[in-house]
Each structure stands twice: as C-alpha cells, then as structure tokens.
Amino acid sequence: MIRSIFAPLMVLLIAIGVHGLVGRYDDGYWINQLTIIGIAIILAVSLNIVNGFTGQFSIGHAGFLSLGGYLAGSLLYYGSVMFFQTRPEPGFFSFTQPFDRMDPTIVWWGIGDLFFLCVCLSAGLFAAVAGLIVGLPSLRLRGDYLAIVTVGFGEIVRILIESSQRQVPLSRLNRADGWDLVTGWGSAMGFNYIPKFGSLFWVYLFVGITILTAIRLKYSTHGRAYLSIREDEIAAEAMGVRSTRYKIQAFVISAFFAGIAGALTASSQGTINATELAFMKSLEIVVIVVLGGMGSVSGAVLAAVVLTYLPELLQAETFARYRLILYALVLIFVMILRPRGLMGTREVWDVFRRRRGVQG
Amino acid sequence: MSELLLQLQDLHVHYGVIHALQGINMNIERGTIVTLIGGNGAGKSTTLRAVSGLLRPTHGSILFEGQPIHQLAAHRIVRRGIAHAPEGRGIFPNLSVEENLMLGAYARNDREGIRSDRTKSLALFPRLAERLRQRAGTLSGGEQQMLAIARALMARPRLLLLDEPSLGLAPQIVQVIFRIIRQINAEGVTILLVEQNAHMALSIADQAYVIQTGKVIKHGPARELLTDKDIQKAYLGG
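Everything numeric in this text was worked out from a predicted model, so none of it was measured.

A. Representation of the confidence of the model for chain B. Residues and elements named next belong to chain B. Across chain B, the average pLDDT comes to 91, with 99% of residues at 70 or higher. Ranking the elements of chain B by mean pLDDT puts helix H10 (residues 229-235) last with 80 and strand E7 (residues 159-163) first with 95. Taken together, the chains of this predicted complex give a pTM of 0.88 and an interface ipTM of 0.85.

Now the structure itself:
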C-alpha cells in the first residue's frame, strides 16, 4: 500500500517543490526555461513509448501536440467565459507570477485549478482518440511506411487548423453560436489570449506522471510485450503477444501525453500556433528520443533537458553566431561517440546496478 | 496406440501465389517426438508456422486435442498449449535473459506456476542461470538456442515446436541440445522437431515425416527411415 502511493506522492511533492522554490526566487527567466524543458520532457518520454518501446517509427508527434493544445486553448478561452462568465480564478497552483507580487488573499485551490485539470485531461483524451483513429489503419504498416503515414497525419492536422475560422473575440462571444466556437480555432494567425494556467506546478506534475507511467510500463509484463515487438515481432507473436493491438495501445498512450503537453504549451505561453508545430517540431522530438537512446526513459529525459537548454546556453554572445552549427555538431558527435544514443536501451539506474553486480 | 495430440488434415498454405504446402496430412501422438525432414524450401518451417498460427492455412484443418485451431490467432494457440521456438531462435537481443524467459510465460497468469517453471527451465539449462542479467544478444549461439527452448518451455506447452535447433552450432553443443530435447520429452512434452540434420533428428525421434515441395512423400517410425535406402541417399549422405 505504502509502496504504491509513494511514487505518486513524490511526483506531487516535486511538482509543488519546483513551483514553490523557483516561483519564489525567480523573475520569470527560469520559470520560462523550466516550463519549456518540462514540456520537452513530456513530449520525448511519451514519443519514446512508441519509437523506443515498441520500435515503431512515428514522426507525427507535433500533430497530437497541436490537437491537444488547440482543444485546451479553446476550452480555456471560450470555456472560461461560458462556465464562469469571467476568467476563472486561478489558485496557488496555477499562479505564474513570482510570490512577492502575488495577491496575498489568493486561495490554495481555486475553481480555475479544477477546471484546468479537466481541460488537460480532455486535451489528452482528444489526442488519444486521434491516436486511435490514425493507429488503427496504419499500425499494420512497418518501418518507413508507418513513418510516412505519421508525417502525413501531422501535416493534415496543421493544414486543417490553419484553414479554420478566426478566433471569436471575447467581446463578441455572447453573439457567437456554438459552431463559431468549434470552428474558431484561429486560422493561420494562431490561437491567442489563452488564460495562463500552465504554471510550473502543472508542468512538473505531468512530467512526473508521464515519467512514472513510462517506467511502470517498461517494467511490467505489459511493457515487456511492447519491448518484445521492437526486438522481434514474429517471435513476439509466437510468444502470444498481440502485436498490432499493443502497437495501437502504445500509440494511444503516447498521443494522450502529447495532447497534455499541448495543453501545457498553450496555457503557459498563452498562445498556440499550428504553423510553428509543423514537421520540424515532430523531428525535434524524434531527435531527442534518438539522442537519448531508443527505449530509455532516463535517456529521453536527459536528452530533452540538454537539447532544450543547449540552444539557450549558446545564445551567449560569443556563440550566438555559430549557434546552429554548434547544435548540429553536438548531435553529430554524440551519434559518432554513442551511436545507440546517450543511454542506449538502458537506464541510468541499470548502469549503477551493473557496476554493483560486477563487484559482488 | 495412444491418443492423438495433433492432426493436420489436407493442409494447404499459400504465400501469395506460391503454393507452399500442398495437402499435408500428419498425426502426432501424445508424448512422442516427431521430426520433419526435407530439403530447403520443402515446407517444414511453413508447417510449424501454420500450426502455431503465425500463418493462416488456405485450406484444410489442424486439430489440437480434437479441437480445430487453424482459425485461431497466434496468441490463442499459445494459450491452448502450443509453444514455438522459431527458426533463427528469435530471441529478444536487447532484453536480458530473465526478461526473455518471462516473455515466454507471457500468456500465463499463474505466478506460482511461472516461478516453478522458471526454476525447472534453469535447472535444465544451468548456463542460463549464470547469465540471467546479461543481454540475450551477447550470448553465444548455443546459449541463444538454449534460451529459445527454455523460453518456449515457460509457456508450459503440451506441444513444443522446435525449428532447426541445431542450426549453426558446434557438434558438441548439438549433442547437448538434443540430449535436453529428449529430457524435455521424457517429462511428457510432445515435440515436433524440424531439422536439416536428418541423422540426428531421426536418431531421437519416434516418428518421422519426409516433406518435399509441400507434400509428405514418406512417413513412418524414425528407426525405419534411418535405414531406408532412398532416405539415406537423399538426406543422410549415402
């Protein structure tokens, strides 16, 4: 009993800790950086469930990210007015301002927090349903063929969103009908003025949940079935693993977390734009997964941190001009020195356990 | 005559337009070792794959313990008690030996039974017990074959399908593997063995079927086939 609630409790404490500590002393730079890094971790770890665990090659993760982001954006923007007549009150957990500038009367758990949690889950479910719809016909394909389908999916999502109607301004919201709201996803201008609920607490809560899910999955009977598909699909079938079903399952779980990452992106930046979440964004996530090591959860986390923060680090004046070259060089060198990624298929803790095993 | 465990009746399998199995008939009795011998591309592995559900026959039927199984998906056939150690071993190279074994028991839920079968399999292959944590891809060829058989046993099969267990192994290791196959059979597991090494296979089998271009051309007690003039000429090297 204690063991089963220990890890979720740790996740909750870490999320509150990061939110409280960084929020307390920072003027916004680190809040921003840590948010971007956290979202990258969610994306990389979730894509790793498909690309790393089951060994399928999906390059359409940004599509799920967009779907989740836009659904969350429109629910937060239109929904807050419809449900609360005003912007819902954020509580402690959703407050993105530094503490010293925070309203002292603020409640610990505002009605907005609950609303935001529901929005995140809906964004995840929405993306997961999309994952199921894409996965059902396409996961019978293998390798390159599946990759092409997922690229197509990402592009379709982008183009659909870009051809949607303009966003309905809040001032005209009472005159708009339901259809305007459903189709009003902001066209190519992006979806703006999204209430900023995406605080460090929520980002790191979902980072924790994503990592925990991935690790639990990897070391369960169920997750071993995913890994066996990556290793040898025919042998896996011979063991009684239903490969198509598991591939679809992995795809749906992965899409769910990408949808949540979308919700966090939209609500932390206050804006989301499908044009920026095109093929290149999907590729960026694939690069993180490959660099971290296919199937390694800790590798994906490590690579997400490094590759998200590296461009920022290289912004320093002396490097600024060579930023993109240096970024590319890092990628090339890592792939030469560690062709199976930073961690290979192993985890950080496997490395330590191995050492111990050799001594003992 | 004892009870029939597996019956293939007029089994046909196509790979697209290629007619790989052209009406195979076989009867396998419980508790025996039956071997399929024949040249490359004769349809030996195809027969095994049809039995374990990896291929769907286009015509004919497969009865296991009297029940038709040729329409079932592979995962249901494993649950019925047929385990397949595929050709080329099909181990999971990046997973540990332990994980490979546990995947063999994938279709089962009985923790206690799995644990006792794990102990039994490891007793059969002590080399694997020393290498539980090791990545399966780093094992030697012989050890990988042992792992493939041990993994298949983890499903606690009543029928074990072995596809070329001697492939690419040193003669000494082949001796060990065949001794263990006999040992597994002695514990009551019926074995359907596909082999290129016809001499070895015929020497441990009870019954044998000779397959050529998708048809059974001869069958009978293994001992008789071992001394059969035509078989000697074609498969035993004179």
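B. Spotlight on the packing of helix H6 (residues 141-153) of chain B against helix H7 (residues 171-186) of chain B. All names here are of chain B. Viewed as axis vectors pointing N to C, H6 and H7 meet at an angle of 10°, and their least axial separation amounts to 10 Å. The angle between H6 and H7 falls in the class roughly parallel. For the pair H6 and H7, the contacting residues are Gly-142, Gln-145, Met-146, Ile-149 and Leu-153 in the first and Ile-173, Val-176, Ile-177 and Ile-184 in the second. Residue composition of the contact of H6 with H7, by class: seven nonpolar, two polar and no charged.

C. Inspection of the sheet that holds strand E5 (residues 67-68) of chain B at higher detail. Residue and element names in this part refer to chain B. The strand order across the open sheet formed by four strands is E2-E1-E4-E5, and the pairing between neighbours is antiparallel. Looking at the sheet topology across the chains shown, the edges are occupied by strand E2 (18-29) and E5. Two strands pair when backbone bridges link them, and strand E1 (residues 4-15) and strand E4 (residues 59-64) are joined in this way by five bridges, in the antiparallel orientation. When the sheet's bridge partners are listed, His-12 is paired in E4 with His-59. Set on the sheet, helix H1 (residues 44-52) makes contact with E1, E2 and E4; between it and E1 the angle comes to about 110°.

D. Up close: the sheet that holds strand E10 (residues 215-221) of chain B. Residues and elements named next belong to chain B. Across the sheet, which stays open at both edges, the six strands sit in the order E6-E7-E8-E3-E9-E10 with mixed pairing between neighbours. Across the chains shown, the open sheet's two edge strands, defined by having one partner strand only, are strand E6 (82-85) and E10. On average, each strand axis in the sheet is tilted by 15° relative to the strand beside it, whichever way the strands run. Relative to strand E8 (residues 190-195), strand E3 (residues 33-37) runs parallel, the two sharing five bridges. What sits directly across from Ile-37, in E8, is Glu-195. The strands that H7 touches are E3, E7 and E8; relative to E8, the one it contacts most, it runs at about 155°.

E. Structural context of a nonpolar patch on the surface. Residue and element names in this part refer to chain A. There is a patch of nonpolar side chains on the surface, built from Tyr-322, Ile-325, Leu-329, Ile-332, Phe-333, Ile-336 and Leu-337 and spanning about 740 Å² of accessible area. You can see Ile-336 is positioned in helix H14 (residues 323-337). By relative accessible area, Ile-336 is classed as exposed at 58%.

F. Fine view of helix H10 (residues 243-269) of chain A. Residues and elements named next belong to chain A. In a regular helix each residue adds 1.5 Å, so 27 residues correspond to 39 Å; H10 covers 39 Å between its end C-alpha atoms and thus fits that length. The buried count for H10 comes to 21 of 27 residues, which makes it a mostly enclosed element. Downstream of H10 by a residue or two, Gly-270 has a phi angle that is positive, lying close to 80°.

G. Quick look at the interface of chain A and chain B. Taken together, the contact between chain A and chain B spans 21 residues of the former and 22 residues of the latter. Together chain A and chain B conceal approximately 2000 Å² of surface at their shared face, both sides included; 63% is due to carbon and sulfur atoms. Where chain A meets chain B, there are zero salt bridges. Our enumeration of links across chain A and chain B arrives at four residue pairs in polar contact (both at pLDDT 80 or more). If you list the elements that add at least two residues to the side of chain A that touches chain B, you get helix H8 (221-231) and helix H9 (233-238) of chain A. Class assignment for the residues of the side of chain A that touches chain B results in nine nonpolar, four polar and eight charged.

H. Spatial organisation of unusual backbone geometry. All names here are of chain A. Located in the positive-phi region is Ser-187, a residue other than glycine, with phi close to 45°. Its identity as a non-glycine residue notwithstanding, Tyr-193 has a phi of 55°, on the positive side. Position of Tyr-193 relative to the elements: it lies in the loop between helix H6 (178-183) and helix H7 (200-218). Judged by relative accessible area, which is 67%, Tyr-193 ranks as exposed.

I. View of a positive patch on the surface. On the surface, A:Arg242, A:Arg245, B:Arg76, B:Arg79 and B:Arg80 cluster together into a patch of positive charge. By residue number, the principal contributor to the positive patch is helix H2 (residues 74-80) of chain B, which donates three residues.

J. Structural view of the confidence of the model for chain A. Residue-level pLDDT values for chain A average 85, and 88% of them are 70 or greater. In the predicted structure, residues 356-360 of chain A sits below a pLDDT of 50 and forms zero contacts with residues beyond four places in sequence or in another chain.

K. Broad picture of the packing of aromatic side chains. All told, the structure shown has 17 aromatic pairs over all chains when counted by the stated rule. Each ring, one from A:Tyr246 and one from B:Tyr106, has its centre 6.2 Å from the other, and the planes form 85°; the classification is edge-to-face. Here A:Tyr246, found in helix H10, pairs with B:Tyr106, found in the loop between helix H3 (97-104) and helix H4 (111-124), and the two come from separate chains. For the residue pair A:Tyr246 and B:Tyr106, the accessibility class agrees, reading buried in each case. In this structure an aromatic cluster arises from ring pairing among A:Tyr70, A:Tyr77, A:Tyr78, A:Phe126, A:Trp185 and A:Phe191. The side chain of B:Arg151 reaches across the aromatic face of B:Phe92, ending 4.8 Å from its centre.

Conventions adopted
In every chain, residue numbers begin from 1 and rise along the written sequence. Labels are handed out in written order, letters beginning with A for the chains and numbers beginning with 1 for the ligands. Thresholds applied to this predicted model are a pLDDT of at least 70 for local features of residues and 80 or more for the giving and counting of side-chain atom pairs; totals over whole chains, interfaces and linings are not thresholded and use all residues. Note: side-chain values were computed over all heavy atoms of the structure, leaving out hydrogens and water. pLDDT measures the predictor's confidence residue by residue and takes values from 0 up to 100. Secondary structure counts use DSSP, requiring at least four H or I residues in a row for a helix and at least two E residues in a row for a strand, with both numbered from the N terminus. Axes, fitted as lines to C-alpha atoms, cover a helix only where it is in contact. Angles between the N-to-C directions of the axes lie from 0 to 180 degrees. Between 65 and 115 degrees an angle is taken as roughly perpendicular, under 35 as roughly parallel, over 145 as roughly antiparallel, and anywhere else as oblique. Every residue pair with non-hydrogen atoms within 4.5 Å of one another is taken to be in contact. Any residue that is not Ala, Val, Leu, Ile, Met, Phe, Trp, Tyr, Cys, Pro, Asp, Glu, Lys or Arg is counted as polar, Gly included; the first ten are nonpolar and the last four charged. Strands pair, by our definition, only if DSSP identifies at least two bridges between them. For patches, a residue must show more than 30% relative accessible area and have no salt bridge; joins then use 9 Å for like charges and 5 Å for nonpolar side chains, namely Val, Leu, Ile, Met, Phe, Trp and Tyr. Surface accessibility in these figures is a Shrake-Rupley result with a 1.4 Å probe; residues are shielded only by whichever protein chains are displayed. Each salt bridge in this description consists of a side-chain nitrogen of Lys or Arg and a carboxyl oxygen of Asp or Glu lying within 4 Å of one another. For the exposure calls, accessible area comes from a 1.4 Å probe over protein chains only, and a residue counts as buried if that area is under 20% of its type's maximum, exposed if over 50%, partly exposed in between. For a helix, the expected span equals 1.5 Å multiplied by the residue count minus one. Two parts placed together each lose some accessible area; with a 1.4 Å probe, that loss summed over both constitutes the buried area. Two N or O atoms form a polar contact when they lie within 3.5 Å of each other; inside protein one atom must be a possible hydrogen donor and the other a possible acceptor, and for residues adjacent in sequence the pair counts only when both atoms belong to side chains. Positive: Lys, Arg. Negative: Asp, Glu. His and the chain ends are not part of the count. The atom standing in for a charge is NZ when the residue is Lys, CZ when it is Arg, CG when it is Asp and CD when it is Glu. Two aromatic rings from Phe, Tyr or Trp, using only the six-membered ring of Trp, form a pair when their centres are within 6.5 Å; if the ring planes differ by under 30 degrees the pair is stacked, by over 60 it is edge-to-face, and anything between is tilted. We count a charge as sitting over a ring when the NZ of a lysine or the CZ of an arginine lies within 6 Å of the ring centre and within 35 degrees of the ring normal.

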